[in-house]
Amino acid sequence: MGGPDLAPFASVGTGTVTAPDGVRLSVADRPGARRPILLLHGLLQSHLAFRPLFAAPALADFRLVAPDLRGHGRSDKPEAPDAYREPARWAGDVAAILDACGLARPLVVAWSYGGRVLGDYLDTFGGAALGGCVFVAATLRTLPEHFAPDLGAVFSAVCSDDWCEATDALRAFAAAVVPEPFGREREEGLVAAASVPLPVRRALMGRPADYEASLARLACPVLVLHGARDAVVRPAQSQWTARITGAPLDLWDDAGHAPFAEHPGRFAARLAAFATELDRRPTSASTDA
């Protein structure tokens, strides 16, 4: 396997945004003349999960902003459990990024655990500042039937004091997130997962989620997308999200948990088309709060 392809990040700057509680968030920011797209990654990942989108021609004219969530990647990793279990912390992170980066009515792509992060923001601030939302296998309600049956055991092992057990579980999780033959993406996912300290992993697990009320009153346009072969979050989760929001559901038969990594060209084209639809809509503030 060759080295990582750094070309997609040739024009990407990296800055730091300070959250209200003082946590420093690393943010990758690629300039673009069209609507900003904020990319929120999943659990035990990093902004590098979205590397394929930075290389996609369909998104070449869009500004792409991809933070490392707190506890992940190059962002600060406080070990106090409250830094991850209080929804206001996550909401404050998103608000701080929108403000510091000057993101006017962005399209927000929330993947997997990124759905929780966006859900916390919507619960706290509403969606009036957003131009649109794309939920990709997004965790927005923690019902057992919405997840792979063995996921709980994997997450339990990820938090084990036994280094070998935890490492094997991280490897299994990375394999579930990005299937073969996408070796580089899986390798990067494993590195990202292993970089999250054990106390942080434990604090991240088990936080309940139910954003039905905020989703039901979300006024901005929404797209829901899911891979039918997802080995982490079942399509039932996105079917529920689409029903609550009244949004269209794109269910891709040939994709798993990370469709943007498995089919980057198609995903980028779908995202660009949705963003173009937003641009054609009359400009009006959403009323949800």
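Residues numbered from 1 in each chain as written. Predicted model: local features only at pLDDT ≥ 70, side-chain atom pairs only at ≥ 80, totals over all residues. Heavy atoms only, no water.

Q: Before we move on, can you summarise the overall build of the protein chain with the specific residues and values?
A: Looking only at helices and strands, the protein chain features 12 helices and 8 strands. For the protein chain, the C-alpha radius of gyration of 17 Å lies close to 19 Å, the compact-globule estimate for 289 residues. With the C-alpha coordinates aligned to their principal axes, the bounding extent of the protein chain is approximately 55 × 40 × 40 Å. Taking all 289 residues of the protein chain together, the buried fraction comes to 57%. Relative to all contacts within the protein chain whose residues are 6 or more apart in sequence, the contacts with residues 24 or more apart total 77%. Of the roughly 11500 Å² of accessible surface on the protein chain, a fraction of 55% belongs to carbon and sulfur atoms. (Helix = DSSP H or I, 4+ residues; strand = E, 2+ residues; numbered from the N terminus. Rg over C-alpha atoms; globule rule 2.2 N^0.38 Å. Buried < 20%, exposed > 50% of the residue type's maximum accessible area, 1.4 Å probe, protein only. Contact = heavy atoms within 4.5 Å. Areas by Shrake-Rupley, 256 points an atom, 1.4 Å probe, with all protein chains shown as cover.)

Q: Hey, could you go over the layout of surface pockets for me, with residue numbers and the actual values?
A: Approximately 420 Å³ is the volume found for the largest pocket. Forming the boundary of the largest pocket are 23 residues, of which Arg116, Thr142, Phe147, Leu151 and Phe155 lie nearest the centre. If you list the elements that add at least two residues to the lining of the largest pocket, you get helix H4 (113-125) and helix H5 (151-158). In terms of residues, the lining of the largest pocket owes the most to one element, H5, which gives 4 residues. The residue makeup of the lining of the largest pocket, split by class, is 14 nonpolar, 7 polar and 2 charged. (1 Å grid on protein atoms, 1.4 Å probe; cavity = no way out; pocket = protein on both sides within 12 Å on 5 of 7 lines; lining within 4 Å. Points joined across faces, edges and corners; volume = space filled by probe spheres on them. Nonpolar A, V, L, I, M, F, W, Y, C, P; charged D, E, K, R; others polar.)

Q: Report on the nonpolar core, specifying residues and quantitative values.
A: Among the nonpolar cores identified, the biggest contains 96 residues, and Leu44, Leu118 and Phe135 are the most heavily contacted of them. Counting residues per element, this core draws most heavily on helix H12 (residues 264-280), at 7 residues. (Core = buried A, V, L, I, M, F, W, Y, C linked by side-chain atoms within 4.5 Å.)

Q: For empty space enclosed by the protein, give the residues involved together with the corresponding values.
A: The tally for this structure, following the rule as stated, stands at 2 cavities of 30 Å³ or more. One number sums up the size of the largest cavity: a volume of about 90 Å³. Looking at the largest cavity, it is lined by 13 residues, and the ones nearest its centre are Gln45, Leu48, Ala49, Glu185 and Gly189. Every element with two or more residues in the lining of the largest cavity is listed here: helix H7 (183-194) and helix H11 (259-262). Broken down by element, the lining of the largest cavity gets its largest block of residues, 4 residues, from H7.

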